[in-house]
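What the coordinates show
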Amino acid sequence: MASALETKAKEAFIDDHFELALDLYSQAIDQNPRKAELYADRAQANIKLNNLPEAVADSSRAIELDPSMSKAYLRKATACMKLEEYQTAKAALEAGVALAPGDSRFSKLIKECEERIAEESGELPKQIPEEVTANVVPVKAVPSDPVTVAAPAKSSYRHEFYQKPEEVVVTIFAKGIPRECVKVDYGEQILSVTINAPGKDAYHFQPRLFGKIIPDKCRYDVLSTKIEIRLAKAEPIHWTSLEYSREAAVPQRINVSSVTANQRPAYPSSKPKRVDWDKIEAQVKKEEKDEQLDGDAGLNKFFREIYQDADEDARRAMQKSFVESNGTVLSTNWKEVGVKKVEGSPPDGMELKKWEY
C-alpha cells in the first residue's frame, strides 16, 4: 500500500515537478528504506533532473531489494546510456528483458547499445558530432545546472586518491563506520559510495570517473579509520584527476614494462616532499592484520576476511542467507542457498518474530 508521501511524489512527477517529486520520494524512503519501488521511482526523477550517477545508484538499490523489477533494470540502463556507459547499460538490459519479454524497449535499447559499443571500438570519429548534440539537449531541457545539486564542499568525510599503472586507490577517511552501513557500486566510468551511519547525515559520493574501469575487478575494504576502494583500470593510462572533466588533458598511456623496482610510478600528492605510498600501504595493512579485536568486533573482522577472500558465488550466498534469515544464518554455499529461501535459525532459547511496518 502506497504511503501519503509516495502518492504525493507520483502526483508531483506527473505534473513535471521533478525536484519536488525527488524530495518526496527521499522522505518516503526514509520512512520505508526497504521498498524497492521507491528507489526505482526516485531513479526516474533523477534521470529527469540529469542526476545520472544518483539514478544509477537508486536503480541498483531497487534491483538489490527486488531482482524481479524490470523497470529498475530499464532505468539503470537509461542512466548509464546517458553517461555513455554502454557495456553496463547493455548488461542491465539483458538482465531485464528476461523479466519483461513483451517490452520492445529492451530489445531496441540493446540494439542501440551494441551500435554504440561498435562505434567506440572501431569508428570513434563518427561519434563525436553525436556527443556534441546529445550534450546540448539536456541543457535546454533543464534550465538549472544539474551539477549544482551536489555540493562536494559539504561532504562530511574527506577523500583522496593515488594510482598505480593498473589501478586507482580511493580513500575515504571515515572512522568507525560499520561495514553494513557502507554501499559501493561500480559502473564502466562511475563510482557510487553511500554511507548511512547511525546518528549521522547520509554521505553520498558519486563521481563520474576520469577513465573507464573494470567493475568485476574492483573491490573495497571497510577499515577502522577509512574506506579503501580499489578501482581496476580498463586501460593503463595516467589519470590527471579522479573525476571526469571535458577540460582535462588527453591521458597518456603508462608503459608498464618500464616501471621497475628502482623506478616506482609517481603518485599525486599535495605535499611538496616525495611520499612512498607503497611503504605506507604495506604498513597500514600489516597493522590492520595484526590488530586483535574482542567480542563482536573480532567476529565482524573474521566475517570480513571470509567475505574478502571469497569468490562471487560465495559472496552472493553470504548476502542472501544473512538477509533472508534476519541475520541468523551465514552460508557460503550458493548451490544450496540460491535455489530456496533461507529460513531463520535463532539461537537456543530464542524465537524469531516478524515485525509489521
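How each quantity is defined
- Residues numbered from 1 in each chain as written.
- Predicted model: local features only at pLDDT ≥ 70, side-chain atom pairs only at ≥ 80, totals over all residues.
- Heavy atoms only, no water.
- Patch = residues over 30% accessible without salt bridge, like charges linked within 9 Å, V, L, I, M, F, W, Y side chains within 5 Å.
- Areas by Shrake-Rupley, 256 points an atom, 1.4 Å probe, with all protein chains shown as cover.
- Salt bridge = Lys/Arg side-chain N within 4 Å of Asp/Glu carboxyl O.
- Helix = DSSP H or I, 4+ residues; strand = E, 2+ residues; numbered from the N terminus.
- Buried < 20%, exposed > 50% of the residue type's maximum accessible area, 1.4 Å probe, protein only.
- Arc of directions from axis to C-beta.
- Contact = heavy atoms within 4.5 Å.
- Pairing = 2+ DSSP bridges.
- Axes fitted to C-alpha atoms, helices over the stretch in contact; angles between N-to-C directions.
- Polar contact = N/O pair within 3.5 Å; in protein donor to acceptor, adjacent residues only side chain to side chain.
- Parallel < 35°, antiparallel > 145°, perpendicular 65-115°, else oblique.
- Left-handed = near helix turned anticlockwise from the far one by under 90°.
- Nonpolar A, V, L, I, M, F, W, Y, C, P; charged D, E, K, R; others polar.
- Expected span 1.5 Å × (residues − 1).

Among the surface-exposed residues, Phe302, Phe303, Ile306, Phe322, Val323 and Leu330 lie close enough to one another that they form a single nonpolar patch of about 510 Å² accessible area. Only α10 (295-309) and α11 (312-324) provide two or more residues apiece to the nonpolar patch. The dominant element in the nonpolar patch, judged by the number of residues it contributes, is α10, at three residues. Locating Ile306 in the fold gives a position in helix α10.

Moving on, we get to helix α1 (residues 4-14). What α1 keeps buried is the set Leu5, Glu6, Ala9, Ala12 and Phe13. Across the axial projection of α1, the buried residues extend over an arc of 125°, all falling on one side. In α1, the exposed residues that point more than 90 degrees away from the buried face are Ala4 and Ile14. Residues of α1 that are buried sit in contact with α2 (18-31) and α3 (36-48). After α1 finishes, the residue Asp16 shows a positive phi value of roughly 65°.

Before going further, it helps to spend a moment on the sheet that holds strand β1 (residues 158-163). Pairing is antiparallel across the open sheet formed by four strands, whose spatial order is β1-β2-β7-β6. One side of each edge strand has no neighbouring strand; the edge strands of this open sheet are β1 and β6 (219-222). Direction aside, neighbouring strands of the sheet carry axes that sit 15° apart on average. Bridge analysis of strand β2 (residues 167-173) against strand β7 (residues 227-232) gives six bridges, and the strand direction is antiparallel. Bridge pairing in β7 places Val169 opposite Arg230.

As for its position among the elements, Arg42 is in helix α3. Reaching out from Arg42, the side chain makes a polar contact with the side chain of Ser26 at a distance of 3.1 Å.

Helix α5 (residues 70-82) packs onto α3 with a crossing angle of 25° between their chain directions and a minimal axis gap of 10 Å. Taken together, the axes of α3 and α5 are roughly parallel relative to one another. Crossing of α3 over α5 shows left-handed handedness. Packed against α3, whose contacting residues are Glu37, Ala40, Asp41, Gln44 and Ile47, the element α5 presents Lys71, Ala72, Arg75, Thr78, Ala79 and Lys82 at the interface. The class makeup of the residues in the contact of α3 with α5 is four nonpolar, two polar and five charged.

A few words on α11. Between the first and last C-alpha of α11 there are 18 Å, a value that for 13 residues agrees with the 18 Å anticipated at 1.5 Å per step. All buried positions along α11 are accounted for by Ala314, Arg315, Ala317, Met318 and Ser321. Seen end-on, α11 carries its buried residues on one side only, within an arc spanning 160°. A positive phi of about 60° marks Asn326, the residue just after α11.

Among the five residues in strand β4 (residues 191-195), five count as buried, and that is most of the element. Every second residue of β4 is oriented toward a common face, with Leu191, Val193 and Ile195 on one face and Ser192 and Thr194 on the other, all of them buried. Pairing of β4 with strand β5 (residues 203-205) involves three bridges; the strand directions are antiparallel. Its bridge partner lying in β5, Val193 is registered against Phe205.

Further remarks concern the pattern of salt bridges. On inspection of all chains with the given rule, the structure shows 24 salt bridges. Put simply, Asp41 and Lys10 hold a salt bridge, and the shortest N to O gap is 2.9 Å. Of this pair, Asp41 sits in helix α3 while Lys10 sits in helix α1, and the two are 31 residues apart along the sequence. Overall, the relative accessible area of 31% leaves Lys10 in the partly exposed class. Through salt bridges with shared partners, a single ionic network connects Glu6, Lys10, Lys35, Glu37, Asp41, Lys71 and Arg75.

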